[in-house]
Amino acid sequence: MPFNILVLACILYVALLFLLAAWAEGKSARGGAGILRSPFIYPLSLSIYCTAWTFYGAVGYAARSGLEFLTIYLGPTLVFVGWWWVLRKLVRIGRAQRVTSIADLISSRFGKSNLLGVLVTLIAVAAATPYIALQLQSVTQSFAGVRQPTPRRAWALRGTDGAAVWVAGGLALFTILFGTRNLASNEQHHGIVTAIAVEAVVKLVALLAVGVFVCLGAWRAGQRLCAATDCMPRPIGDVATCSPARWTGLILVSAAAILTLPRMFQVLVVENSDERIWPRQAGRFRPI
Amino acid sequence: MPQQRQPLFLARANYRKRRLRDGARILPVFGAMLLCWPLLWPATAPQIVAHWLFLFGAWAGLIAVAAVLSRGLADAENSAHGGQDSLAGSPPDDAMHGL
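Residues numbered from 1 in each chain as written. Chains lettered and ligands numbered in written order. Predicted model: local features only at pLDDT ≥ 70, side-chain atom pairs only at ≥ 80, totals over all residues.

What follows is about the overall build of chain A. A count of helical and extended segments in chain A gives 13 helices and 0 strands. Each helix and strand of chain A, placed in order from N terminus to C terminus, yields the pattern α-α-α-α-α-α-α-α-α-α-α-α-α. A total of 288 residues make up chain A; the buried ones form 28% of that total. Counted over contacts in chain A with a minimum sequence separation of 6, partners at least 24 positions apart contribute 78%. (Helix = DSSP H or I, 4+ residues; strand = E, 2+ residues; numbered from the N terminus. Buried ≥ 20, exposed ≤ 12 C-beta atoms within 10 Å, placed from the backbone. Contact = placed C-beta atoms within 7 Å.)

Bringing the overall build of chain B into the picture now. In terms of helices and strands, chain B carries 2 helices and 0 strands. Within chain B, the proportion of its 99 residues that are buried is 19%. Residue pairs in contact within chain B that sit at least 24 positions apart in sequence constitute 76% of those at least 6 positions apart.

Residues and elements named next belong to chain A. By secondary structure assignment, the location of Val 193 is in helix 10 (residues 190-229). Of the residues examined, Val 193 has 26 C-beta atoms within 10 Å and is grouped as buried. It is 32 Å that separates the C-alpha atoms of Val 193 and Pro 2, two residues lying 191 residues apart in sequence.

With that settled, consider helix 10 of chain A. Residues and elements named next belong to chain A. End to end, helix 10 covers 55 Å across 40 residues, agreeing with the expected 58 Å (1.5 Å per residue, within 8%). For helix 10, the principal kink sits at Val 214 and spans about 45°. Among the residues of helix 10, those classed as buried are His 190, Gly 191, Ile 192, Val 193, Thr 194, Ala 195, Ile 196, Ala 197, Ala 200 and Lys 203. Taken together, the buried residues of helix 10 touch helix 1 (3-29), helix 2 (41-45), helix 9 (161-180) and helix 12 (262-270). (Expected span 1.5 Å × (residues − 1). Bend = angle between axes of the 7 residues up to and from the residue.)

The next point concerns the packing of helix 4 (residues 71-81) of chain A against helix 11 (residues 244-260) of chain A. Residues and elements named next belong to chain A. Here helix 4 crosses helix 11 at 55°, and the two axes come no closer than 7 Å. Comparing the axis directions of helix 4 and helix 11 gives the class oblique. With respect to the hand of their crossing, helix 4 and helix 11 are arranged in right-handed fashion. Across from Thr 71, Ile 72, Leu 74, Gly 75, Pro 76, Leu 78 and Val 79 in helix 4, the residues of helix 11 making contact are Trp 247, Leu 250, Ile 251, Leu 252, Val 253, Ser 254, Ala 255, Ile 258 and Leu 259. Of the residues assigned to the contact of helix 4 with helix 11, the class counts are 13 nonpolar, 3 polar and no charged. (Axes fitted to C-alpha atoms, helices over the stretch in contact; angles between N-to-C directions. Parallel < 35°, antiparallel > 145°, perpendicular 65-115°, else oblique. Left-handed = near helix turned anticlockwise from the far one by under 90°. Nonpolar A, V, L, I, M, F, W, Y, C, P; charged D, E, K, R; others polar.)

Attention now goes to the nonpolar core. Ranked by size, the top nonpolar core spans 58 residues in total, and within it Ile196(A) and Val269(A) carry the most contacts. Not counting residues within four places of it along the chain, the set of residues in contact with Ile196(A) comprises Ser45(A) and Ile48(A). (Core = buried A, V, L, I, M, F, W, Y, C linked by C-beta atoms within 7 Å.)

We now examine the confidence of the model for chain A. With 81% of its residues at a pLDDT of 70 or more, chain A has an overall mean of 79. Overall, residues 283-288 of chain A carries pLDDT values under 50, and its contacts beyond four positions in sequence, including any with other chains, amount to 17 contacts. (pLDDT = per-residue confidence, 0-100.)

Of all 11 residues making up helix 4 of chain A, 11 are buried, and the element is well covered by its neighbours. All buried positions along helix 4 of chain A are accounted for by Thr71(A), Ile72(A), Tyr73(A), Leu74(A), Gly75(A), Pro76(A), Thr77(A), Leu78(A), Val79(A), Phe80(A) and Val81(A).

This part covers unusual backbone geometry. All names here are of chain A. Look at Arg 98: it is not a glycine, yet its phi comes out positive at around 55°. Among the structural elements, Arg 98 can be located in the loop between helix 5 (87-96) and helix 6 (102-108). Despite not being glycine, Lys 112 has its phi angle at roughly 50°, a positive value. Inspection of the secondary structure assignment puts Lys 112 in the loop between helix 6 and helix 7 (114-146). Look at Lys 112 and you get exposed, because 11 C-beta atoms sit within 10 Å.

Laid out in structure tokens, this is it:
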């Protein structure tokens, strides 16, 4: 694919997300908050659990460990199936205590302790920074993978770090425009949620495309390669190859992650405009 | 002449709502046990297909049951808010103390 077309497609996609977010923001400013109560927008925005890195991480994990990759999604499934136990109460407490972040929630359980809030924020920032770096790396790897190897004009000279800087700049601009610019006591950002929902559809299609490609194309090509070179394909790991402690531990960790990751807490609790939305969402989480 | 059958409970809707809540509480526990069930299978033969089918079937089943339960609960909550089922009253909600 010519590099210019790739850049053009990326710019158009980002422009579409900006326009959608601006439209949703304007609609909610005019009192049309009903957009968040749509039966599709909110559950789609929960797909933020699957980040840009998931495209590489989950596929690589599945190829490397077989069924074990499912544990990352089984834990969240259990959390959503058990919405009555945890999520409903979390949203109710979040509303009652006017909680706007995970640090705020933990500090509010200890008398709104500022010190505790600062400590949790520092831990969240320290943990999230390498995670954001991983996301940027996945984007630059995508650029590097798609670009043509032969023409070594402008792009190749600057390397992939240039793309990371541009993407980080775009993310910061998006955050300022649709996040921090709006000072709302409930910290709800309808524009961001709508953009995430649209992005979820794109990610779902992309992951399905990888699945179809592997099932129909790469699998047969691998079989032919194995037949030609007289090698044995490596067996895919099943549950028996995974230790019970690891299996249950990963399910527990992923269940905790979907509740405590800062971005998940923001979407699950803070952006939730109506607690009664949960009965309608409990069956909608899909491990994409 | 057959005697007309009387309902055993007067607050039938309230009873149903409580049982649905019980179901919603027990479902994640049941789901966790179900998803760990393949660990107990003997690792004598490669059972990759059986594991795949079991896990995806359990996952789909959990989602289906959760959808049925949550739909029933949403209807029950809506009817309770509408004042149609206020005979026995709702049990005190422990949300603020339960976490």
